[in-house]
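Results of the structural survey
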Amino acid sequence: MKGFDAEFVDLDHYIRVITDRIWEGRRIDDIERYYSDDCAVETPSSVTIGVRSVIDGTRATLLAFPDRRLLAEDVIASGDELGGYLSSHRIFSPMTHAGPGVFGAASGKPVYARTIADCVCVNNRIVHEWLVRDQAAIARQIGSHERDVAQRWLNERDGFHKAAMPPAHPPYVSFIDTHALAANYADAHRHAWAGKALSASHADAVITAVPAGEARVGLAALNAFWQHMRTAFPGGDFSVEHLVANTRADRKTTAVAMRWRLRATHQGAGRYGAPSGRSVDILGIQHAEFENGKVVREWVLIDDVAVWMQVLESNG
């Protein structure tokens, strides 16, 4: 890998090693080594610029969840040494809510939550990152609800304020893979937002992790989840920002990562309460595993707290 330390074999190895050092090893100062000074990080509720924000956010998370672990479930890679690499890293975190923080006073409750981080990596550093965490799963497991957390964050931040994500520098071009399975996967979800049920792209017995730490087993249950989303946000503008397929011959599977954005208006009742008429911007990241040409396992990361913040702001 041109520009990277010789110890790193490939992008997968780089991401796993630096994550282990920073989080498992609690080597927080290594963030300055592996993130650029002006790195931009987008979450569904914020955009920050600079390595100091990454360090401060890491320390705050460890104050609230001091035993948090970052267990790598998968790294799906794209790009090259000329234009920059992009890793889509799915993480499972067991932790205990043992300290104060954005989720309030310590509850002492055990928590399990997933995160997917898409990172542009150039010359041994992360220069751009999009991160989606299942905040609703955390809220529910500490005895709250994502709606209540959203209202508290709105009060503390004086509303929902999110800057625009700056373009990547160097100018990494977000990779859209033409692999047939990846393209079909993106099309299936584009059609799902337009009103068509998932069918040929997914196995009947597909298992999907969805927000709030929940799972949908079977195609009918998965379609019901997307129907609820579509009812809340009909006619939205769905766009794919990153799409890649990695074929794993040793496992006889293909893994697909897709980052997407939906810009829509909250016009329907259901998952996010009564229609508010508010415009929302939903950032989502999904991973899927294909066997015999169909999705058999899937992970859908949407931050329900961020969605609720945008919906509730009209009540402020």
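Just above sits the structure.
Below, the structure is looked at part by part. (Residues numbered from 1 in each chain as written. Predicted model: local features only at pLDDT ≥ 70, side-chain atom pairs only at ≥ 80, totals over all residues. Heavy atoms only, no water.)

Details of the sheet that holds strand β12 (residues 294–302)
In spatial order, the strands read β8-β7-β12-β11-β10-β9; together these six strands make up an open sheet with mixed pairing. The outermost strands of the open sheet, each flanked by one partner alone, are β8 (214–217) and β9 (237–248). The mean angle between the axes of side-by-side strands here comes to 15 degrees, regardless of whether they run parallel or antiparallel. For strand β7 (residues 202–210) and β8, the ladder comprises four bridges, and the chain directions are antiparallel. Across the sheet, I207 pairs through a bridge with V217, a residue of β8. The sheet contacts of helix α8 (residues 304–312) involve β11 (279–291) and β12, and relative to β11 the element is tilted by about 160 degrees. (Pairing = 2+ DSSP bridges. Helix = DSSP H or I, 4+ residues; strand = E, 2+ residues; numbered from the N terminus. Axes fitted to C-alpha atoms, helices over the stretch in contact; angles between N-to-C directions. Contact = heavy atoms within 4.5 Å.)

Looking at the environment of V295
Mapped onto the secondary structure, V295 falls in strand β12. V295 sits in the buried class, given a relative accessible area of 0%. The spacing of V295 and Y35 is 260 residues in sequence and 34 Å in space, taken between C-alpha atoms. Ignoring anything within four residues of it in the chain, the contact list for V295 reads Y185, S201, H202, A203, V206, A288, E289 and F290. (Buried < 20%, exposed > 50% of the residue type's maximum accessible area, 1.4 Å probe, protein only.)

A closer look at the nonpolar core
Judged by nonpolar contacts, the single largest core of 55 residues is most densely connected at W226, F233, W260, Y272 and I302. Element by element, the count of residues in this core is highest for helix α6 (residues 180–193), at seven residues. Residues contacting F233, with those up to four places away along its chain left out, are W193, L262, A264, T265, H266, Y272, V280, I282 and V307. (Core = buried A, V, L, I, M, F, W, Y, C linked by side-chain atoms within 4.5 Å.)

Description of the side chain of H128
Along the polypeptide, H128 turns up in strand β6 (residues 125–133). Within the structure, H128 has its side chain in polar contact with the backbone oxygen of P166 (distance 2.8 Å). (Polar contact = N/O pair within 3.5 Å; in protein donor to acceptor, adjacent residues only side chain to side chain.)

Quick word on the packing of aromatic side chains
In the structure shown here, the tally under the stated rule is 15 aromatic pairs. Through a chain of ring-to-ring contacts, the aromatic side chains of F4, F8, Y14, Y34 and Y85 assemble into a single cluster. Over the ring of W308 we find R147, and its NZ or CZ is 5.7 Å from the ring centre. (Phe/Tyr/Trp six-rings, centres within 6.5 Å; stacked < 30°, edge-to-face > 60°. Lys NZ or Arg CZ within 6 Å of the ring centre and 35° of its normal.)

Examining the environment of L62
With respect to the helices and strands, the residue L62 is situated in helix α3 (residues 51–64). Distance from L62 to G143, taken between C-alpha atoms, is 20 Å for residues 81 residues apart in sequence. Once you skip the residues sitting within four places of it in the chain, L62 turns out to touch W23, R26 and I28.

Considerations on the sheet that holds strand β2 (residues 46–49)
Ordered in space as β2-β1-β6-β5-β4-β3, the six strands form an open sheet in which the pairing is mixed. Taken across any chain shown, the strands that pair with only one partner, and hence form the sheet edges, are β2 and β3 (71–80). Taken pair by pair, the neighbouring strands of this sheet meet at an average axis angle of 15 degrees, ignoring direction. The sheet contact formed by β3 and strand β4 (residues 84–96) spans nine bridges and is antiparallel. Within the sheet, the bridge partner assigned to L71 lies in β4 and is F92. Together, β1 (35–43), β2 and β4 form the strand contacts of α3, whose direction differs from that of β1 by roughly 60 degrees.

Considerations on the packing of α6 against helix α7 (residues 219–232)
One can describe the packing of α6 onto α7 by two numbers: an axis separation of 9 Å at closest approach and a directional angle of 50 degrees. Between α6 and α7, the angle falls in the class oblique. Residues H189, A192 and W193 of α6 touch α7, and the partners they reach there are W226, M229 and R230. Considering only residue class, the contact of α6 with α7 consists of four nonpolar, one polar and one charged. (Parallel < 35°, antiparallel > 145°, perpendicular 65-115°, else oblique. Nonpolar A, V, L, I, M, F, W, Y, C, P; charged D, E, K, R; others polar.)

A short note on the pattern of salt bridges
Counted under the stated rule, the structure contains 28 salt bridges. Across the pair R278 and E313 runs a salt bridge, and its minimum N-O distance is 2.6 Å. Of this pair, R278 sits in the loop between β10 (253–265) and β11 while E313 sits in the segment after α8, placing them 35 residues apart in sequence. Taken together, the shared-partner salt bridges in this structure form one network comprising E42, D118, K162, E241, R259, R261, R263 and D281. (Salt bridge = Lys/Arg side-chain N within 4 Å of Asp/Glu carboxyl O.)

A short note on the pairing of β12
Summarising burial for β12: seven of the nine residues are buried, a large majority. Judged from the eight bridges that link them, β11 and β12 form a sheet pairing that is antiparallel. Of the residues in β12, the one forming a bridge with E289 is R297. Linkage of β11 to β12, two consecutive antiparallel strands, is achieved through a turn of two residues, within which N292 is found at a positive phi near 55 degrees.

Points about the packing of helix α5 (residues 146–157) against α8
Axis angle and axis distance: for two packed helices, these are the angle between their axes and the distance between the axes, and together they describe the pair. Two elements in contact, α5 and α8, have axes whose closest approach is 8 Å; the angle formed by their N-to-C orientations is 60 degrees. You can see that α5 and α8 cross each other, and the crossing is right-handed. Listed contacts from α8 to E146, R147, V149, A150, Q151, W153, L154 and R157 of α5 are D304, V305, W308, M309 and L312. (Left-handed = near helix turned anticlockwise from the far one by under 90°.)

Function-wise, these values are silent; they only describe arrangement.
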